[in-house]
Amino acid sequence: MLVHPAHAQPSPQLADALAAWAGAYYWSDEPGGRWLVLTRRTAARPERWVLHVSLFLATMFTTTIAGAVLRGTISVDGPWDLLRGRIGYASTPLAALASGLAFSLPLVAILLAHELGHYLTARHYVLDTSPPYFLPVPPWPFFIGTLGAFIRLRTMLSDRRQLFDVGIAGPLAGFVVALPILVAGLHLSYSVPSLGGPHDMGLLLGGERVVVGDSPVTLLARLAAHQSVARVTLHPMAFAGVVGMFVTMLNLLPMAQLDGGHILYAAVPQWHRRVALIFWATILVLGWWWPGWYLWAGMVLLLSRGRLDHPTVLDAYRPLPRSRRRLAWVGLALFVLTFAPIPFRI
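What comes next concerns the included structure. Within every chain, residues take consecutive numbers counted from 1 along the sequence as written. Whole-chain, interface and lining totals are the exception, using all residues; otherwise, since this is a predicted model, local features are given only for residues with pLDDT of at least 70 and side-chain atom pairs are given and counted only at 80 or more. Excluded from the side-chain calculations are hydrogens and water; all other atoms, namely the structure's heavy atoms, are used.

## As for the overall build of the protein chain
- Along its length, the protein chain carries twelve helices and eleven strands.
- For the protein chain, the C-alpha atoms occupy an extent of roughly 75 × 45 × 35 Å along the three principal directions.
- Should any heavy atoms of two residues lie within 4.5 Å, those residues are considered in contact. By sequence separation, contacts in the protein chain at least 24 residues apart represent 73% of the contacts at least 6 residues apart.
- Note on areas: Shrake-Rupley with a 1.4 Å probe; residue coverage comes only from the protein chains shown. For the protein chain, the exposed surface amounts to about 17,500 Å²; the carbon and sulfur share of it is 67%.
- For this count, His and the chain ends are skipped, Lys and Arg are scored as positive, and Asp and Glu as negative. A charged residue contributes its charge at one atom only: NZ of Lys, CZ of Arg, CG of Asp or CD of Glu. Averaging the locations of the 26 positively and 16 negatively charged side chains of the protein chain gives two centres separated by 2 Å. Secondary structure counts use DSSP, requiring at least four H or I residues in a row for a helix and at least two E residues in a row for a strand, with both numbered from the N terminus.

## Quick word on the pairing of strand β10 (residues 230–233)
- The pairing of strand β7 (residues 190–193) with β10 spans four bridges and is classified as antiparallel. Across the sheet, the residue bridging to Tyr 190 is Thr 233, located in β10.
- Judged from the two bridges that link them, strand β8 (residues 201–205) and β10 form a sheet pairing that is parallel. Looking at the pairing, Gly 202 lines up with Thr 233 of β10. Following DSSP output, two strands are said to pair if at least two bridges run between them.

## Structural notes on a nonpolar patch on the surface
- In this scheme, patches are assembled from residues that exceed 30% relative accessible area and form no salt bridge. Like charges are connected within 9 Å, while nonpolar side chains (Val, Leu, Ile, Met, Phe, Trp, Tyr) are connected within 5 Å. When a carboxyl oxygen of Asp or Glu lies within 4 Å of a side-chain nitrogen of Lys or Arg, that pair is called a salt bridge. Together, Leu 135, Phe 142, Leu 147, Phe 150 and Leu 295 make up a nonpolar patch on the protein surface, roughly 400 Å² of accessible area in all.
- Among the secondary structure elements, Leu 147 is positioned in strand β6 (residues 146–150).

## Focus: the environment of Phe 246
- Topologically, Phe 246 is positioned in helix α8 (residues 236–251).
- Under the scheme applied here, a residue whose accessible area is under 20% of the maximum for its type counts as buried, over 50% as exposed, and between as partly exposed, the area being computed with a 1.4 Å probe on protein chains only. Of the residues examined, Phe 246 reaches a relative accessible area of 14% and is grouped as buried.
- Separated by 93 residues in the primary sequence, Phe 246 and Phe 339 place their C-alpha atoms 7.3 Å from one another.
- Ignoring any residue separated from it by four or fewer positions in sequence, one finds Phe 246 in contact with Trp 290, Pro 343 and Phe 344.

## Some words on the sheet that holds β8
- Strand order in the open sheet formed by five strands is β7-β10-β8-β9-β11, and the pairing between neighbours is mixed. A single partner strand is all that each edge strand has here, and the edge strands are β7 and β11 (344–345).

## Comments concerning the packing of aromatic side chains
- Two aromatic rings from Phe, Tyr or Trp, using only the six-membered ring of Trp, form a pair when their centres are within 6.5 Å; if the ring planes differ by under 30 degrees the pair is stacked, by over 60 it is edge-to-face, and anything between is tilted. Summed over all chains, the structure comprises 13 aromatic pairs.
- Ring plane angle 70 degrees and centroid distance 6.3 Å describe the contact between Phe 239 and Phe 344, whose orientation is recorded as edge-to-face. Residue Phe 239 is found in helix α8, and its partner Phe 344 is found in strand β11; the two are separated by 105 residues along the sequence. One exposure class covers both Phe 239 and Phe 344, and it is buried.
- Taken together, the ring pairs in this structure connect Phe 103, Phe 143, Phe 239, Phe 246, Phe 279, Trp 290, Trp 293, Phe 335, Phe 339 and Phe 344 into an aromatic cluster.

## Here we look at helix α11 (residues 292–303)
- The span you would expect from a helix comes to 1.5 Å times its residue count less one. With twelve residues, α11 extends 17 Å from end C-alpha to end C-alpha; this agrees with the ideal 16 Å at 1.5 Å per step.
- Burial in α11 covers these residues: Gly 292, Trp 293, Trp 296, Ala 297 and Val 300. Across the axial projection of α11, the buried residues extend over an arc of 145 degrees, all falling on one side.
- Residues of α11 that are buried make contact with α8 and α10 (272–286). By arc we mean the arc of the directions from the helix axis to the C-beta atoms, nothing more.

## What about the packing of helix α6 (residues 160–188) against helix α9 (residues 259–267)?
- Each axis is a line fitted through C-alpha atoms, and for a helix only the stretch in contact is used; angles between axes span 0 to 180 degrees, taken between their N-to-C directions. Remark: α6 packs on α9, axes separated minimally by 8 Å, with the N-to-C direction vectors making an angle of 145 degrees. The crossing of α6 and α9 is left-handed. Contacts from Arg 160, Leu 163, Phe 164, Gly 167, Ile 168 and Pro 171 in α6 reach Asp 259, His 262, Ile 263, Tyr 265, Ala 266 and Ala 267 in α9.
- In this classification, the charged set is Asp, Glu, Lys and Arg, the nonpolar set is Ala, Val, Leu, Ile, Met, Phe, Trp, Tyr, Cys and Pro, and all remaining amino acids, among them Gly, are polar. Partitioning the contact of α6 with α9 into residue classes produces eight nonpolar, two polar and two charged. A crossing counts as left-handed when the near helix is turned anticlockwise from the far one by less than a right angle, and as right-handed when that turn is clockwise.

## Considerations on α8
- Under the 1.5 Å per step criterion, the end-to-end length of α8 is 22 Å for 16 residues, consistent within 8% with the ideal 22 Å.
- Of all 16 residues that make up α8, 14 are buried, and the element is covered over most of its length.

As structure tokens, this is what we get:
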């Protein structure tokens, strides 16, 4: 609502009323005057905590198995062998599985930080949102044991400021947790001189070396921890950091209802559709070098019901604050830093 200039500071009377307001509020300075945006707290709905906790624990289990496979302490030929209990252990089963925690704990911490960034920001605006849903999958063919996590917003957002804040909070929180994990993990990794061969990083999986493609942030961290002429074999913690950067990059792609799509629509809604089309076509081209891009392109269409554009908010014409426009450039820089055109190759 538009506030009379006498109360726009705010006045003592309005300040008292806002202190008693049960929801959230913030100010929007616009050419026509100063507006007060109020959000009313909705009735709390029961959450399915058993489901959320079960998915979280299942994800911890599948990512721990994946980590143990990466460390070579357990060996399984496929998902059916896992279900039948046909697992090879390098030591006792418990010790072999526990070695995978070096991968699962940091990876799940990154995913949890990302989703809590969204969740807590949405709760700050008293939006109706679900706790995180984690997505466990067998380590085959998804050799990290998870497809990530997500939250559900069960209400329409008031304006582009709310959309922007909720959208960018996840990647920022995930990156802040992933960066020290990446740096610490790279110092635990070992390297050998490349002897004229490629200078890269990778890991052993099923007896084959999987090369992990660099993004600018992983390249800088790798060169800081190891000589530029070295081939680096990643410690599971380092690989968790790399996956965290990869997840951040995927979410920041500026299309549909990904985090990057939220940020782009909130900052420049008139550009969203054409930029989304350009990036969707770009990842199809990149699929020539890494077929996983085809899977991601299909998932984006599936999750957005075949559309790359973004649904509107209640008041799409309320301008985005200048502070958020500056933060949008931070989001763009974060996308550039984490972008890996060829994430994996064998």
